[in-house]
Amino acid sequence: MKKAIVFDLDGTLLNTLDDLKDSTNFALQSCGFPERSYDEVRRFVGNGIRKLIERAVPAGATPEKTQECYEAFCEHYKHNMENKTAEYDGISDMLKALYEAGYKMAIVTNKADFAAQALCGDLFGKYIKTVVGSVDGRPNKPAPDGVYYALSKMGVTKDEAVFIGDSDVDIQTAKNAGMDAIGVLWGFRDLADLQKVGVKTTVTNTQELKNLLLSLKK
C-alpha cells in the first residue's frame, strides 16, 4: 500500500510552458540573442532555469553573457510566472480526491524554489504542504536528494511513495531514489522519451491517474 505521492510540477501539474517561453525570449532579446520557438523551449526545460538558459543561448555565448541572460530571465519570470500558467484539466479534482483518501503529497521540481513556492502555495497549498524547489547546495533531479528530503518531511519511506512525472528526468529521478514511478503523457515529453529510460507505467489523463493512485492506497 502506498501512503505518499511525490509530484513533478512543470508538465505534470502545471502547464508553465508559455510563461517559460516568454521569459526566455525576453532574456534572449535583452542580451541581443535570437528568440527560441515554443517547441525549442519545450525541449530545453526539465533540468532547471540555469540549464534552460544554457541551452537557449547561441553556441559560443560567453559565460558572462550567459549569466546576464540567466539573471534577466529570473527577474522577468519572477513578475510574469502566472500570466499564462494554468493547471492541467482535472488536477485540482484529483488532488482533492487523493487528499481525502489520506495520501500525503509533495512536489519536487527543478524550478527555482522562489517560483515553486509561490505557484504551489497559491494553487495547491490546501492539499500539498511539502514543496521542494531548486536551491544552491542541493543537486537537481535526476539526483534523488530533493526526493529524499520530501520523503523525510512527510515521514514516509521510498517504498511507501510513488513518483509522478512527465519527463525522462523524472523517471530517472525515481530510479535513482529507488521508487516506483508513473509517467504522465500530457506534459512536455513524448512517450518515446519516457520509454528510453525504462518507464513501466504511463497514464494519458488525470482521471486515469487518480483511479490508479487510489487503487494503490487500498
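Coordinates for the structure precede this section.
Residues numbered from 1 in each chain as written. Predicted model: local features only at pLDDT ≥ 70, side-chain atom pairs only at ≥ 80, totals over all residues. Heavy atoms only, no water.

### Thoughts on the sheet that holds strand S1 (residues 4–7)
- With parallel pairing, the six strands of this open sheet are ordered in space as S5-S4-S1-S6-S7-S8. Since the sheet does not close on itself, it has two edges, and those belong to strand S5 (130–134) and strand S8 (202–203), each with one partner.
- Examined bridge by bridge, S1 and strand S6 (residues 161–165) share four bridges and lie parallel to one another. The partner of Val-6 across the bridge, within S6, is Phe-163.
- The sheet contacts of helix H8 (residues 168–177) involve strand S4 (104–112), S6 and strand S7 (180–184), and relative to S7 the element is tilted by about 170°. (Pairing = 2+ DSSP bridges. Helix = DSSP H or I, 4+ residues; strand = E, 2+ residues; numbered from the N terminus. Contact = heavy atoms within 4.5 Å. Axes fitted to C-alpha atoms, helices over the stretch in contact; angles between N-to-C directions.)

### What to know about the nonpolar core
- The biggest cluster of nonpolar side chains holds 52 residues, and the ones touching the most others in it are Phe-7 and Ile-128.
- Counting residues per element, this core draws most heavily on helix H4 (residues 63–80), at six residues.
- Counting 20 residues, the second largest nonpolar core, distinct from the first, contains Val-132, Ala-174, Ala-177 and Met-179. (Core = buried A, V, L, I, M, F, W, Y, C linked by side-chain atoms within 4.5 Å. Buried < 20%, exposed > 50% of the residue type's maximum accessible area, 1.4 Å probe, protein only.)

### Thoughts on the pattern of salt bridges
- The full count for this structure, using the stated rule, is 15 salt bridges.
- A salt bridge links Asp-10 to Lys-111; its shortest N-O distance comes to 3.0 Å. Separated by 101 residues along the polypeptide, Asp-10 in the loop between S1 and strand S2 (14–15) and Lys-111 in strand S4 bring together distant segments of the chain.
- When its relative accessible area of 13% is taken as the criterion, Asp-10 is described as buried.
- Between Arg-36 and Glu-40 there is a salt bridge, and its shortest N-O distance comes to 3.1 Å.
- Under the relative-accessibility criterion, Arg-36 is labelled partly exposed at 22%.
- When salt bridges with common partners are traced through the structure, they connect Asp-8, Lys-141 and Asp-170 into a single cluster. (Salt bridge = Lys/Arg side-chain N within 4 Å of Asp/Glu carboxyl O.)

### Brief notes about the packing of helix H1 (residues 17–30) against H4
- One way to put it is that H1 packs onto H4 with a least axis distance of 8 Å and a crossing angle of 140°. The angle between the axes of H1 and H4 places the two elements in the oblique class. Every pair of crossing elements has a handedness; the one defined by H1 and H4 is right-handed. Residues Asp-19, Leu-20, Asp-22, Ser-23, Thr-24, Phe-26, Ala-27, Leu-28 and Ser-30 of H1 touch H4, and the partners they reach there are Glu-68, Cys-69, Ala-72, Phe-73, His-76, Tyr-77 and Asn-80. (Parallel < 35°, antiparallel > 145°, perpendicular 65-115°, else oblique. Left-handed = near helix turned anticlockwise from the far one by under 90°.)

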